[in-house]
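What follows is the residue order along each chain.
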Amino acid sequence: MYAPIIARSSIRGAFNNNARQMILTRGFSSSRVARSGHWPEGPYWNIPFKVHNRKIPLAIPYTLFFLIPFLTPFGMAALAL
């Protein structure tokens, strides 16, 4: 709570008015949104894998991706017994 007050008071004497204003204000900037119309819109267009119209349903590789690393230590422990 007191840190910004101390920092602002130390800046007040060290810099001229323009430099102090640049330091104390946050420099948010943004650009215009590109809406030229050549990008697809809607859900799932910006992810790197296909969700709709798949030959194998997405749930199968998703489940295998998380199930195999989870079960590996248990399988290794069973083989070690």
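Since we're looking at a predicted model, the values are computed, not measured. (Residues numbered from 1 in each chain as written. Predicted model: local features only at pLDDT ≥ 70, side-chain atom pairs only at ≥ 80, totals over all residues. Heavy atoms only, no water.)

Moving on, we come to the overall build of the protein. Secondary structure summary: the protein contains 3 helices and 0 strands in total. Among the 81 residues that make up the protein, the fraction classed as buried is 1%. When the accessible surface of the protein is summed, it comes to about 8,200 Å², and 65% of that surface belongs to carbon and sulfur atoms. (Helix = DSSP H or I, 4+ residues; strand = E, 2+ residues; numbered from the N terminus. Buried < 20%, exposed > 50% of the residue type's maximum accessible area, 1.4 Å probe, protein only. Areas by Shrake-Rupley, 256 points an atom, 1.4 Å probe, with all protein chains shown as cover.)

Tallying each qualifying case throughout the model produces 3 aromatic pairs. Taking the centre distance of 5.0 Å and the plane angle of 90 degrees together, the rings of Phe65 and Phe66 count as edge-to-face. We classify Phe65 as exposed; its relative accessible area is 58%. By relative accessible area, Phe66 is classed as partly exposed at 47%. Aromatic ring contacts, followed pair by pair, group Tyr62, Phe65 and Phe66 into a single cluster. (Phe/Tyr/Trp six-rings, centres within 6.5 Å; stacked < 30°, edge-to-face > 60°.)

Here we come to a nonpolar patch on the surface. Taken together, Tyr44, Ile47, Phe49, Leu58, Tyr62, Phe65 and Phe66 make up a surface patch of nonpolar side chains, about 740 Å² in accessible area. For Phe49, the location among the structural elements is in the loop between helix H2 (17-24) and helix H3 (59-80). Taking the relative accessible area as the measure of exposure, Phe49 reaches 43% and is therefore partly exposed. (Patch = residues over 30% accessible without salt bridge, like charges linked within 9 Å, V, L, I, M, F, W, Y side chains within 5 Å. Salt bridge = Lys/Arg side-chain N within 4 Å of Asp/Glu carboxyl O.)

Positive phi is not limited to glycine here, since Asn53 has a value of about 55 degrees. Mapped onto the elements of the fold, Asn53 is located in the loop between H2 and H3.

Here we come to the confidence of the model for the protein. Summing up the model confidence of the protein, the mean pLDDT is 76 and the portion of residues at 70 or higher is 54%. Mean pLDDT per element in the protein: helix H1 (residues 3-14) is the minimum at 58, and H3 is the maximum at 95. (pLDDT = per-residue confidence, 0-100.)

Looking now at H3. The first and last C-alpha atoms of H3 sit 32 Å apart over 22 residues, in line with the 32 Å expected at 1.5 Å per residue. Of all bends in H3, the biggest is about 35 degrees, found at Thr72, and the proline Pro73 comes one to four residues later. (Expected span 1.5 Å × (residues − 1). Bend = angle between axes of the 7 residues up to and from the residue.)

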